[in-house]
Amino acid sequence: MSDTPHGGFPRFTPAHPPADFGRLVEALRTIQDLAVSTDLPEEQLAAAADQAEKLAAAMAPYVVPEGASPAGRSLELPGRGSLLLMPWTIEKYGPDGVQSTGVFRRYHLGGNAAAHGGTLPLLFDDLFGLIQHGYGRPRSRTAFLHIDYRAVTPLDQQLRVSGHVTKVEGRKTFIEAVLTDLDGKVLAECNSLMVSLLPGQP
Ligand SMILES: CCCCCCCCCCCCCCCC(=O)SCCNC(=O)CCNC(=O)[C@H](O)C(C)(C)COP(=O)(O)OP(=O)(O)OC[C@H]1O[C@@H](n2cnc3c(N)ncnc32)[C@H](O)[C@@H]1OP(=O)(O)O
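An unreviewed UniProt entry annotates the protein as Acyl-coenzyme A thioesterase THEM4 originating from Rhodococcoides kroppenstedtii. The Sequence similarities (unreviewed entry) comment attached to the protein in UniProt states, word for word, "Belongs to the THEM4/THEM5 thioesterase family."

This is the structure we're talking about:
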């Protein structure tokens, strides 16, 4: 299923699911927020667990292989419709770089109203995948990702991340990005090396 001579990466094509898919993903994101922010009374707990188990059982027969679910391929949806990804929206995409905006939600809480430090690498790593793709590089994997946490990243506040390729050397693509609030205050900076895959490399 390789689409280039560069590695054994699967071919992903954009998905355009019905609007109910976006509703489902957003409802599940809200449930994730609530699952980490509520303290349900015992009866509510049992009812919620019953409903969650019923929903899982209803969805389970429809599992498909990687690349066949709309999750991760729905470019019109926040986080491309993937629950794993940060629910952010792409503002700019191209060879000059990628920029997106969004919020860290209650689900992403680390401590004392700040985003968990582990959620920032997720944001940056996915952005870097898009950046190298937008630059026209072959399929590549992250070799390293270095983050400088400059200020606490707030929840529930619109933020912006932007980055671009700084250098290409053979198989190596060097990328930089910065996360700011909408006033331009720097929250984190990140630089990364992505290495393009050799034929058959996973
Ligand atoms: C339809 C809608 C779609 C939406 C549109 C989305 C598009 C989206 C596109 C998908 C984009 C995918 C994005 C995937 C993002 C990950 O997959 S992140 C996953 C986490 N990363 C990994 O799992 C990688 C694991 N590591 C590896 O697989 C291997 O180590 C690597 C990175 C492939 C490199 O291994 P290798 O091929 O043996 O290469 P190696 O000879 O060691 O190194 C090559 C060069 O890089 C240098 N290098 C390698 N590692 C390092 C390091 N850590 N530090 C410094 N230098 C290094 C070497 O020194 C060498 O330099 P030179 O001697 O050439 O100057």
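Caption draft 1: Seen up close, a nonpolar patch on the surface. Together, Leu24, Leu55 and Met59 make up an exposed nonpolar region whose accessible area comes to about 220 Å². Within the secondary structure, Met59 is located in helix α2 (residues 42-59). Judged by relative accessible area, Met59 falls into the partly exposed class, the value being 38%.

Caption draft 2: Region of interest: helix α1 (residues 19-35). The end-to-end C-alpha separation of α1 is 24 Å, in line with the 24 Å expected for 17 residues at 1.5 Å each. Those residues of α1 not exposed but buried are Phe21, Val25, Leu28, Arg29, Gln32 and Asp33. Projection of α1 onto a plane perpendicular to its axis shows the buried side chains occupying an angular sector of 150°, all on one side. In this structure, α1 carries Ala19 and Arg23 as exposed residues pointing more than 90 degrees from its buried face.

Caption draft 3: Quick peek at the pairing of strand β2 (residues 97-102). Taking burial as the measure, the 6 residues of β2 include 6 buried ones, the bulk of the element. The side-chain alternation of β2 yields two buried faces, one formed by Gly97, Gln99 and Thr101 and the other by Val98, Ser100 and Gly102. Here strand β1 (residues 89-94) hands over to β2 after 2 residues, the two strands then running antiparallel side by side. Summarising the sheet, β2 and strand β6 (residues 159-169) pair through 5 bridges and their orientation is antiparallel. Each residue of the ladder has a partner; that of Gln99, found in β6, is Ser162.

Caption draft 4: Here's a closer look at the site of the ligand. By nearness alone, 23 residues border the ligand, and Arg141, Thr142, Arg171, Lys172 and Gln201 come closest of all. Here a nitrogen atom of the ligand sits 3.0 Å away from a polar atom, N or O, in the main chain of Thr142. In this structure, an oxygen atom belonging to the ligand sits 2.7 Å away from a side-chain N or O atom of Arg171. Contact with the protein chains hides 57% of the accessible area of the ligand, taken as 1400 Å² for the molecule alone. Of all the elements in the fold, those that place two or more residues in the shell around the ligand are α3 (119-134), β5 (140-149) and β8 (186-196).

Scoring rules and cut-offs
- Residues numbered from 1 in each chain as written.
- Predicted model: local features only at pLDDT ≥ 70, side-chain atom pairs only at ≥ 80, totals over all residues.
- Heavy atoms only, no water.
- UniProt positions renumbered as here; feature names shortened; annotations may be inferred.
- Patch = residues over 30% accessible without salt bridge, like charges linked within 9 Å, V, L, I, M, F, W, Y side chains within 5 Å.
- Areas by Shrake-Rupley, 256 points an atom, 1.4 Å probe, with all protein chains shown as cover.
- Salt bridge = Lys/Arg side-chain N within 4 Å of Asp/Glu carboxyl O.
- Helix = DSSP H or I, 4+ residues; strand = E, 2+ residues; numbered from the N terminus.
- Buried < 20%, exposed > 50% of the residue type's maximum accessible area, 1.4 Å probe, protein only.
- Expected span 1.5 Å × (residues − 1).
- Arc of directions from axis to C-beta.
- Pairing = 2+ DSSP bridges.
- Near = heavy atom within 4 Å.
- Polar contact = N/O pair within 3.5 Å; in protein donor to acceptor, adjacent residues only side chain to side chain.

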